[in-house]
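Next come the chains, spelled out residue by residue.
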Amino acid sequence: MTQRIQSIVKEATYLFLRQGYSKTQISHIAKAAGVSVGTIYHDFVGKKEIMHYILKSTIQPSFAEQEIETPICDEHFTGLEQEIVRIFEESAAEFQKPLLRGLDGYSFEMLISDAFHILSRYAVGCLFIEKNQQDFPFLADHYKAYRKEFLTTMTQYLMAFMEKGQIRKLDDIELTTILIVEILSWWAMDMRYTSFEISNISVEAAKRVCMDNILSAYKKN
């Protein structure tokens, strides 16, 4: 990706997440990136291609490193929505594996670390769907199902760790699950893109804060 395309993609990402895809115009992206509208059309066929480029790069980071002939057109993103759904399914299955093994060699600390990693890795894609669900109902429906499954799996993990004595007794396990996931989500996703004051704290520092506070709150000494 050239430095110019990188700037266009970066600014488009913030605009799509903060003011919405449908409300964002090419002129808005051009102004934020400090280029002309014509320059953007030199690099991308249109707004949809920019959006697809962002989502593709989220689920496949190496895509952004490829040399692609400009203007970038939609032929590079055939089947993208189905690919995103497949990522949801594979991610959910991978996240459940230690639970299905009976937590053999798996700790509460490892769970929180893995959950943060998943949310951080797909932050842009998840936030894009959350903020633009009316414009992309197919992805929104699958994302809601994935999020529900993620919460259910987290609840099952907490129940299992509580039974094994790794974490303290929880009075309301479902609400505690939501609290933990929301803490992780904010630090892994929202803080970097959609919070009132976007923070430049590194992903590593954000993870350390989450780990320190969640482990201190729930792990048995």
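Placed above this text is the structure.
Residues numbered from 1 in each chain as written. Predicted model: local features only at pLDDT ≥ 70, side-chain atom pairs only at ≥ 80, totals over all residues. Heavy atoms only, no water.

K.L.:
Outline unusual backbone geometry, listing residues and values.
P.N.:
Look at the link from Thr70 to Pro71: it is a cis peptide, with omega at 0°. Within the element layout of this structure, Pro71 appears in the loop between helix 4 (47-59) and helix 5 (80-100). Positive phi outside glycine occurs at Leu103, with the angle close to 65°. Mapped onto the fold, Leu103 is located in the loop between helix 5 and helix 6 (108-121). Among the residues examined, Leu103 registers a relative accessible area of 6% and is labelled buried. (Helix = DSSP H or I, 4+ residues; strand = E, 2+ residues; numbered from the N terminus. Buried < 20%, exposed > 50% of the residue type's maximum accessible area, 1.4 Å probe, protein only.)

K.L.:
For the packing of aromatic side chains, give the residues involved together with the corresponding values.
P.N.:
Under the definition given, this model contains 19 aromatic pairs. Between Phe16 and Phe128 the ring centres are 6.2 Å apart and the planes differ by 75°, which places this aromatic pair in the edge-to-face class. Taken together, the residues Phe16 in helix 1 (residues 3-18) and Phe128 in helix 7 (residues 123-131) connect sequence positions 112 residues apart. Phe128 gets classed as buried once you look at its relative accessible area, which sits at 4%. Between Phe128 and Phe136, the aromatic rings sit 5.2 Å apart at their centres with planes inclined by 50°, giving tilted as the arrangement. We note that Phe128, like Phe136, is buried. Ring-pair connections join several aromatic residues into one group, and the members of that group are Phe88, Phe95, Tyr106, Phe108, Tyr143, Tyr146, Phe150, Tyr157 and Phe161. Here the guanidinium or amino end of Lys47 rests over the ring plane of Tyr21, the centre of that ring lying 4.2 Å away. (Phe/Tyr/Trp six-rings, centres within 6.5 Å; stacked < 30°, edge-to-face > 60°. Lys NZ or Arg CZ within 6 Å of the ring centre and 35° of its normal.)

K.L.:
So, the state of the cysteines: which residues are in play, and what are the values?
P.N.:
For the coordinates displayed, the defined rule picks out 0 disulfides. This cysteine, Cys210, is not joined by any disulfide, and Cys126 carries the nearest cysteine sulfur, 15 Å off. By relative accessible area, Cys210 is classed as buried at 2%. (Disulfide = S-S within 2.5 Å.)

K.L.:
Describe helix 6, and please don't skip the residues or the numbers.
P.N.:
With 14 residues, helix 6 extends 20 Å between its outermost C-alpha atoms, agreeing within 8% with the 20 Å of an ideal straight helix rising 1.5 Å per residue. Where helix 6 is concerned, the buried positions are Phe108, Leu111, Ile112, Ser113, Ala115, Phe116, Ile118, Leu119 and Ser120. The secondary structure elements touched by the buried residues of helix 6 are helix 5, helix 7, helix 8 (137-163), helix 9 (173-193) and helix 10 (203-218). (Expected span 1.5 Å × (residues − 1). Contact = heavy atoms within 4.5 Å.)

K.L.:
Account for the environment of Ala33, naming residues and giving values.
P.N.:
Tracing the backbone shows Ala33 in helix 2 (residues 26-33). Measuring from C-alpha to C-alpha, the distance between Ala33 and Leu100 comes to 47 Å, with 67 residues separating the pair along the chain. Setting aside chain neighbours within four positions, we find Ala33 in contact with Ser7, Ile8 and Glu11.

K.L.:
Give a detailed account of the environment of His117, specifying residues and quantitative values.
P.N.:
One can find His117 in helix 6. Each C-alpha atom, one on His117 and one on Glu204, is 10.0 Å from the other, the two residues being 87 residues apart in sequence.

K.L.:
Would you mind going over the pattern of salt bridges in detail, with residue names and values included?
P.N.:
Tallying each qualifying case throughout the model produces 7 salt bridges. With a closest N to O distance of 2.9 Å, Lys56 and Glu83 form a salt bridge. Taken as a pair, Lys56 in helix 4 and Glu83 in helix 5 lie far apart in primary sequence, 27 residues in all. Note on Lys56: relative accessible area 10%, which makes it buried. You can call Glu83 buried: its relative accessible area is 15%. Of the charged contacts in the structure, one is a salt bridge between Lys97 and Glu94, with a shortest N-O distance of 3.1 Å. Of this pair, Lys97 and Glu94 both sit in helix 5, 3 residues apart, which is roughly one turn of the helix. Classification of Lys97 as partly exposed rests on a relative accessible area of 42%. Classification of Glu94 as partly exposed rests on a relative accessible area of 48%. (Salt bridge = Lys/Arg side-chain N within 4 Å of Asp/Glu carboxyl O.)

K.L.:
How would you explain helix 2 if you had to name every residue and give the values?
P.N.:
Structural remark: α-helix, 3.6 residues per turn; residues separated by three or four positions point the same way. Of all the residues in helix 2, the buried ones are Ile26, Ile29, Ala30 and Ala33. Taken around the axis of helix 2, the buried residues stretch over an arc of 100°, which confines them to a single face. The inward-facing, buried residues of helix 2 abut helix 1, helix 3 (37-43) and helix 4. Of the residues trailing helix 2, Gly34 is marked for its positive phi of about 75°. (Arc of directions from axis to C-beta.)

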